[in-house]
Amino acid sequence: MSDPELRIGLFGRGRLAAAIVEAAQSAGTPLAWQVGRDEVPGGPADVAIDASVAGAVEAHLDWALATGTDLVIGTTGWSMPGLGARVGGRIGVLSASNFSLAVALMARLATVLGRFAALDPARDPYLFEHHHRLKADAPSGTAKTLAAALLAGCPRKTEWTLGPAEPHQLSVGVLRAGAEFGTHTVGLDAPAEVVELTHRARSRAPFAEGALGAARWLRGRKGCFTMDDLAREVLDPLFNFGGTP
Ligand SMILES: NC(=O)C1=CN([C@@H]2O[C@H](COP(=O)(O)OP(=O)(O)OC[C@H]3O[C@@H](n4cnc5c(N)ncnc54)[C@H](O)[C@@H]3O)[C@@H](O)[C@H]2O)C=CC1
Ligand SMILES: O=C(O)C1=N[C@H](C(=O)O)C[C@H](O)C1
């Protein structure tokens, strides 16, 4: 659904940003402005989307707070302790390592897979991701989100690690090659069987369309949010299997 009244600004001029520009044009709602490194936003916006680099996110948050602009952060590889206190109720901030609704679903299923692994120590969970060779961060932000979701369901696993894992660790595999838009697999290896769930993006369209959807959703909300907050309304009913309330 498009909202011609919503003015969206965009930080970034790279691959994701180009897909967002294209998606906005296709929806008939061109962006209010777009800036890259060392450029200054050329006017007001209701919501800005950050699709830049990890090192620029804090400055973009400062700008959003100073101008009272809501901010959707799609950039990965950054961390900001105290983000919630800093934002308070001043603006809305939605951080998403992945704007695809299907990945929000996968995060929930990763927790269920973790719970299933927790029932039997012979069920060994793992995570794997593949991205294009130019991606700056590893593991991907999505892999970290999925790892956290899986760990939340499996108490004997307390952290993730790249490559070989101790018994308390979740092994995460990373591949950087070619032009892959983003593939993530959560899996479980048991003595007699294997379970795998894979999300594979066929283009950057799901990220771009999800970013615009996140901007629309965030408008008028104050505080810090994630894709799970946005997805709740759609996903919660899918996890209702009947029975007593
Ligand atoms: N949340 C999601 O669904 C997705 C997130 N991403 C993330 O988005 C980020 C960007 O990815 P790509 O577009 O592939 O990278 P890219 O390298 O193609 O683009 C990065 C852009 O940021 C610009 N930039 C650098 N400093 C800046 C500054 N201070 N202000 C504004 N722009 C600045 C660069 O000039 C470049 O245009 C990455 O962190 C990536 O992981 C990518 C795809 C989907
Ligand atoms: O850099 C990318 O391309 C992507 N980055 C995001 C991530 O780090 O998870 C999302 C998607 O996988 C594509």
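These figures come from a predicted structure and were not determined experimentally.

Turning our attention to the site of ligand 2. In the vicinity of ligand 2, 13 residues are found, and the nearest of them are His131, His132, Lys135, Gly141 and Thr142. Between ligand 2 and the protein, one listed contact pairs an oxygen atom with a side-chain N or O atom of His131 at 2.6 Å. Taking Gly141, its main chain carries an N or O atom lying 2.9 Å from an oxygen atom of ligand 2. Contact with the protein chains hides 85% of the accessible area of ligand 2, taken as 320 Å² for the molecule alone. When residues of the shell around ligand 2 are assigned to domains, at least three fall in each of domain 1 (8-99 + 204-239) and domain 2 (101-200).

Parsing the protein into structural domains produces domain 1 (8-99 + 204-239) and domain 2 (101-200). Each of domain 1 and domain 2 has a C-alpha centre, and the two are 25 Å apart. Each partner contributes residues to the interface: domain 1 has 17 residues there, and domain 2 has 15 residues. Roughly 1400 Å² of surface becomes buried between domain 1 and domain 2 when both sides are summed, with 58% attributable to carbon and sulfur atoms. Inspection of the region where domain 1 meets domain 2 yields two salt bridges. For Asp228, the salt bridge goes to Arg108, with nearest N and O atoms at 3.2 Å.

Scoring rules and cut-offs
- Residues numbered from 1 in each chain as written.
- Chains lettered and ligands numbered in written order.
- Predicted model: local features only at pLDDT ≥ 70, side-chain atom pairs only at ≥ 80, totals over all residues.
- Heavy atoms only, no water.
- Near = heavy atom within 4 Å.
- Polar contact = N/O pair within 3.5 Å; in protein donor to acceptor, adjacent residues only side chain to side chain.
- Areas by Shrake-Rupley, 256 points an atom, 1.4 Å probe, with all protein chains shown as cover.
- Domains from an automatic or database assignment.
- Contact = heavy atoms within 4.5 Å.
- Buried area = accessible area lost by both parts, 1.4 Å probe.
- Salt bridge = Lys/Arg side-chain N within 4 Å of Asp/Glu carboxyl O.

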